[in-house]
Amino acid sequence: MLTLAELAKRLDAELVGDADQRVDGLGTIQSATGSQLTFLANPRYRSYLENTRAAAVLIPESQREFCPVAALVVKDPYLSFARATAFFETAPLATPGIHPSAVVDPSASIAKSASVGPNAVIDADVTVGEGAVVMANAVVGAGSVIGDQCRIWPNVTIYHGVTLGPRTIIHANCVIGGDGFGFAFNGAGWTKVHQVGGVSIGADVEIGAGTTVDRGAIEDTVIGDGVILDNQIQVAHNVVIGNHTAVAGKAGIAGSAKIGSYCLIGGAAGVAGHIEVCDKVQILAMSLVSSSITEPGTYGSALPVDTQARYRKNVARFRNLDELARRVRKLERLSD
Amino acid sequence: MLTLAELAKRLDAELVGDADQRVDGLGTIQSATGSQLTFLANPRYRSYLENTRAAAVLIPESQREFCPVAALVVKDPYLSFARATAFFETAPLATPGIHPSAVVDPSASIAKSASVGPNAVIDADVTVGEGAVVMANAVVGAGSVIGDQCRIWPNVTIYHGVTLGPRTIIHANCVIGGDGFGFAFNGAGWTKVHQVGGVSIGADVEIGAGTTVDRGAIEDTVIGDGVILDNQIQVAHNVVIGNHTAVAGKAGIAGSAKIGSYCLIGGAAGVAGHIEVCDKVQILAMSLVSSSITEPGTYGSALPVDTQARYRKNVARFRNLDELARRVRKLERLSD
Amino acid sequence: MLTLAELAKRLDAELVGDADQRVDGLGTIQSATGSQLTFLANPRYRSYLENTRAAAVLIPESQREFCPVAALVVKDPYLSFARATAFFETAPLATPGIHPSAVVDPSASIAKSASVGPNAVIDADVTVGEGAVVMANAVVGAGSVIGDQCRIWPNVTIYHGVTLGPRTIIHANCVIGGDGFGFAFNGAGWTKVHQVGGVSIGADVEIGAGTTVDRGAIEDTVIGDGVILDNQIQVAHNVVIGNHTAVAGKAGIAGSAKIGSYCLIGGAAGVAGHIEVCDKVQILAMSLVSSSITEPGTYGSALPVDTQARYRKNVARFRNLDELARRVRKLERLSD
């Protein structure tokens, strides 16, 4: 529970309205109640502003005159709202200490302010930093390092030889450090290439539920500082992802691919192995990057749906597209 | 073990054959043994009927004369077979009670007929309903509600603030209620939008292994009654899925998309964020829905494989398809 | 720590260099230190050879003269390197025995040399073979069989009625034996087809993190000997995968599809249900196999990315491709 005065101070906002009004949560501009904070960022939602019943609206200077309730005037309302969400987080706080049901190897070093949850398992020589939280039923393999203030959600598996920088969040059921997919064909079948590299993850990284990041074959797989990965992403062995790159859900990045900084990789997009994508590249959803990209910009390849009738006809034509192009060339020659 | 008379009664079928014949399991029409029940639904399999050795066949009226063994005549053999499978389920029954190795917060309310398995972890203020089963190593976060007769398979993670309606089944290693992928760019990196909404899942829902359903940013992510989700589906924050919609494996539904009722979403299909798909829409496998669909019907976009030689040629032509179309337009002008 | 003489002997290599030189690890040709082994397989890396500081290089006969350090001359350097990686595996060895925190049903049969890790749960009538390892927080369902020398990584869920052949490896958070996606439409919603088949996995199989293999509807889902599956693959009910087939990350194989032996299925590729793919077929990444393939060879369908401007124009043209082809036909008729 915060007053508008306190919110304005924390968010560096100009308050227009009752400084003592209390706020106990967040709402959308359409449905916020009289004790909730909301924001107006997208002009699309401007029509909702006049009827909002929110306690206050984070709003840009240009819209303040239209706000029927208290206004918190800021430069970037969505960014200010993001900051405000931290004050109303509903996730329970962790209690420092090791739950009696956790199994912690005596050689592990667990900071006093860290929390190890029920039935979590911490293997030999692991380090868990100050304020870090390893939640219920998570497993941390030998020698791995969980940085200060990290949060490892339940049922995560971290293999041996993984390092997480401070404040990194790993959501539930992720696997960090599983074996890369390395095999040599031996004439009759596959001989495993044991994966002796590790995984190095930077500071302030967030990894969504069910994402897998494989350990390196020889050297480490590397995820830079401030990278955000959504759910169910596959990061193969020896991938390098640059700082502050964002990857949307279900994307896959094949072995040894190198992605630059400040990239935006769309949902279910694929990046082929052994290629490089430079900084500030945006890949649209479900697109395939099969060769290196050296120029910043936006790239795509996925076809959007059409009605089944048109889709089937166009697909049939695609199968003969090369022939169609040759026929056009022939017509051009005839018309010359 | 059931007699054919009992089966006929339970399935509301007309029995042609020995009422006392016992059935102890299920088989395919090709390989069922003399004590197994099978069915004939797809006319493709008609040729197998004459040689079947099954104890009995669930069969439509039109085929009864061709059945060489006992017949259970029904309107919809596959639906009757589905009902029959419940009598032969092989999954072990759960024992009511809390396993001594489970860690259950004293504030949680666990029904007497519920079962909490070994090493499961139940956090504060959770409700587990009558007959519900939380299996081994599953984790249920603070304040979540597991409805009556729900079944939570092992290693599932349910975050705080998730509600499941009665008889809902969550298969192993699902994550329900992980943080949605919400971040605001702050000029140098990403500021997290803490996700304070929850997840609301209806009655009679089934969710396949490894699927992730994110919690809402502000309001809940909503999955309607009778929805069936296959494995490894990603449902992003604030998605709404209407009643009785079916989604096949590996599909992804981006943030705030709204899917209607009685839709069929194909395997690995993608639905973009902030769009609406109306009721009774079928999306073919691996297709991309990038804008709203307002008419029921079937839609697709994925290209099927071709030989590498033809594929490479056609792809090369696709890269110049716009130019090709312009060249055709030019030829048309010349021929006018 | 091995000497070059020992390595040469184990790898059946010809040693050119100091037999007593000790090797304590693996490195890439660019960065290996003076006590590490490396290899030269890809001619692309030939330029790095002259500056390598490795203790020794696994090298083909044709390149031995260019090796500035000790050479281990072999026929297939990558295969020999794969074999060598086993000597330097960094994964901790498991201790035989059942951890006191594990919950093992009294009817389960656990070999004396097997290891059951902390908080693992083993249900009734399970068999765990000699030297097999069930790691922390993994769950094995009733009646399942874990073959000799298998390794089940943490947080894996194996349902009831699953059989693993010897030496099979299941990486973390996999789900083997979850219910197939079988439902019959009952006019108002979906009636579950209870999945009473099991899963049969052969010998020497490796399954990557987060992969799901569903149990069969009536008969088993079958994965042959020596199959290698990468991370986050979905194998639906009653799929059959032939021996030594390799499937890359995020691929999906729909129900009752039958894949031959020695196939290579690319990342995020999709195989439709009820079709057959013959032996020795390679499917390129993100491609859709929607009908049976009867000839060995390479097949693909995914479009690679283009700049957004070109992509948007070409996609717009694709929507009218059938019409374009008709217009070309009309021009051809005019020019006849």
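Residues numbered from 1 in each chain as written. Chains lettered and ligands numbered in written order. Predicted model: local features only at pLDDT ≥ 70, side-chain atom pairs only at ≥ 80, totals over all residues.

(A) Quick peek at the overall build of chain A. When you go through chain A residue by residue, the secondary structure sums to five helices and 40 strands. Relative to its length of 336 residues, chain A is extended, with a C-alpha radius of gyration of 26 Å against a globular reference of 20 Å. Each principal axis of the C-alpha atoms in chain A carries an extent, and together these give about 80 × 65 × 35 Å. Out of the 336 residues in chain A, the part that is buried amounts to 59%. Excluding contacts between residues fewer than 6 apart, the proportion of contacts in chain A whose partners are at least 24 apart in sequence is 19%. (Helix = DSSP H or I, 4+ residues; strand = E, 2+ residues; numbered from the N terminus. Rg over C-alpha atoms; globule rule 2.2 N^0.38 Å. Buried ≥ 20, exposed ≤ 12 C-beta atoms within 10 Å, placed from the backbone. Contact = placed C-beta atoms within 7 Å.)

(B) Structural context of the relation of the copies chain B and chain C. For these two chains of identical sequence, chain B goes onto chain C by a turn of 120° and a shift of 0.0 Å along the axis, with RMSD 0.0 Å. The two molecules are tied by a three-fold rotation axis, judged by turn and shift. Both copies present different contact surfaces, since only 20% of the interface residues of chain B are interface residues in chain C too. (Least-squares fit on C-alpha atoms with pLDDT ≥ 70 in both.)

(C) Broad picture of the nonpolar core. By size, the foremost hydrophobic cluster in this structure holds 265 residues, and its most contacted members are V134(A), I152(A), V134(B), I152(B), V134(C) and I152(C). Residues within four places of I152(B) in sequence aside, it is in contact with V133(B), V134(B), M135(B), A138(B), I146(B) and I170(B). In this structure, V193(A), L4(C), F39(C) and A82(C) belong to the second largest nonpolar core, which totals 33 residues. (Core = buried A, V, L, I, M, F, W, Y, C linked by C-beta atoms within 7 Å.)

(D) Just the interface of chain A and chain B, in detail. Each side of the interface is counted separately: chain A has 61 residues, and chain B has 62 residues. Looking at the side of chain A that touches chain B, the elements with two or more residues in it are α3 (77-85), β40 (306-307), α4 (308-318) and α5 (321-335) of chain A. It is α5(A) that contributes the most residues to the side of chain A that touches chain B, seven residues altogether. Residues of the side of chain A that touches chain B, tallied by class, amount to 31 nonpolar, 21 polar and nine charged. Pairing analysis gives two bridges linking β40(A) to strand β39 (residues 297-300) of chain B, with the strands arranged antiparallel. Bridged to T307(A) within β39(B) is Y299(B). (Nonpolar A, V, L, I, M, F, W, Y, C, P; charged D, E, K, R; others polar. Pairing = 2+ DSSP bridges.)

(E) Structural detail: the relation of the copies chain A and chain B. Laying chain A over chain B is done by rotating through 120° and shifting 0.0 Å along the axis; what remains is an RMSD of 0.0 Å. Residue by residue, only 20% of the interface of chain A is reproduced at the interface of chain B, so the copies engage with different surfaces.

(F) Seen up close, the pairing of strand β39 (residues 297-300) of chain C. Two strands pair when backbone bridges link them, and strand β37 (residues 281-283) of chain C and β39(C) are joined in this way by three bridges, in the parallel orientation. Residue pairing in the sheet places Q282(C) in a bridge with T298(C) of β39(C).

(G) How the structure looks around the sheet that holds β39(C). One open sheet holds the 12 strands; their spatial order is β40(B)-β39(C)-β37(C)-β34(C)-β31(C)-β28(C)-β25(C)-β20(C)-β17(C)-β14(C)-β11(C)-β8(C), and the pairing between them is mixed. Either end of the sheet is taken by a strand with one partner, and the two such strands are β40 (306-307) of chain B together with β8 (97-98) of chain C. Note: β8(C) against strand β11 (residues 115-116) of chain C, two bridges, orientation parallel. Within the sheet, the bridge partner assigned to G97(C) lies in β11(C) and is S115(C).

(H) How the structure looks around the domain arrangement of chain A. By domain assignment, chain A separates into domain 1 (2-88), domain 2 (97-299) and domain 3 (306-336). Between domain 1 of chain A and domain 3 of chain A, the C-alpha centre-to-centre distance is 55 Å. (Domains from an automatic or database assignment.)

(I) Geometry of the sheet that holds strand β4 (residues 25-26) of chain A. Residue and element names in this part refer to chain A. An order of β2-β7-β6-β5-β4 is seen for the five strands of this open sheet, with the pairing classed as mixed. Strands with a single pairing partner mark the edges of an open sheet, and in this sheet they are β2 (14-16) and β4. Pairing of β2 with strand β7 (residues 70-73) involves three bridges; the strand directions are antiparallel. Following the sheet pairing, E14 is matched in β7 by V73.

(J) A look at the confidence of the model for chain A. For chain A, mean pLDDT is 97; residues scoring 70 or higher make up 100% of the total. Model confidence for the complex: the whole-complex pTM is 0.98, and ipTM, which rates the interface, is 0.97. (pLDDT = per-residue confidence, 0-100.)

(K) Representation of the interface of chain B and chain C. The interface is formed by 61 residues belonging to chain B together with 61 residues belonging to chain C. When residues in the side of chain B that touches chain C are grouped by element, the largest group, seven residues, is from helix α5 (residues 321-335) of chain B. A per-class count over the side of chain B that touches chain C returns 31 nonpolar, 21 polar and nine charged.

(L) Region of interest: the packing of α4(A) against helix α5 (residues 321-335) of chain C. Remark: α4(A) packs on α5(C), axes separated minimally by 8 Å, with the N-to-C direction vectors making an angle of 55°. Relative to α5(C), α4(A) is oriented oblique. Taking contact as the criterion, the partners of K313(A), N314(A), R317(A) and F318(A) in α4(A) are, on α5(C), L321(C), D322(C) and A325(C). (Axes fitted to C-alpha atoms, helices over the stretch in contact; angles between N-to-C directions. Parallel < 35°, antiparallel > 145°, perpendicular 65-115°, else oblique.)

(M) Layout of the environment of T28(B). Among the structural elements, T28(B) can be located in the loop between β4 (25-26) and β5 (36-39). Every residue in contact with T28(B), bar those within four places of it in the chain, is listed here: T38(B), I218(C) and E219(C).

(N) Broad picture of the packing of α5(A) against α5(B). At a minimum axis separation of 10 Å, α5(A) and α5(B) run at an interaxial angle of 35°. The two elements α5(A) and α5(B) cross, and the hand of that crossing is left-handed. Of α5(B), the residues touching α5(A) (which contributes A325(A), V328(A), L331(A), E332(A) and S335(A)) are L324(B), R327(B), V328(B), L331(B) and L334(B). Residues of the contact of α5(A) with α5(B), tallied by class, amount to seven nonpolar, one polar and two charged. (Left-handed = near helix turned anticlockwise from the far one by under 90°.)

(O) Quick look at helix α3 (residues 77-85) of chain C. Most of α3(C) is tucked away: eight of the nine residues are buried. For α3(C), every residue scored as buried is listed here: P77(C), L79(C), S80(C), F81(C), A82(C), R83(C), A84(C) and T85(C). Considering only its buried residues, α3(C) is in contact with β22 (183-185) and β23 (190-192) of chain A together with α1 (4-11), β4 (25-26), β5 (36-39) and β6 (56-59) of chain C.

(P) Just unusual backbone geometry, in detail. Of note, D12(A) is a non-glycine position whose phi angle comes to about 55°, a positive value. By the secondary structure assignment, D12(A) is in the loop between α1 (4-11) and β2. A positive phi angle is found at H244(B), which is not glycine, with a value near 65°. Mapped onto the elements of the fold, H244(B) is located in the loop between β30 (240-241) and β31 (246-247). Residue classification places H244(B) among the buried positions, given that 23 C-beta atoms sit within 10 Å.

(Q) Here's a closer look at α4(A). Among all positions of α4(A), only Y311(A), N314(A), V315(A), R317(A) and F318(A) are buried. The buried side chains of α4(A) occupy one side of the element, clustering within an arc of 160° when seen end-on. What points out from α4(A), more than 90 degrees from its buried face, is the exposed set A309(A) and A316(A). Buried positions along α4(A) lie against β40 and α5 of chain A, β39 and α4 (308-318) of chain B together with α4 (308-318) and α5 of chain C. (Arc of directions from axis to C-beta.)

(R) Summary view of the environment of T3(B). Residue and element names in this part refer to chain B. Turning to its location among the elements, T3 is positioned in strand β1 (residues 2-3). The exposure class assigned to T3 is partly exposed, which follows from the 16 C-beta atoms found within 10 Å. Placed 17 residues apart in sequence, T3 and D20 show a C-alpha to C-alpha distance of 5.3 Å.

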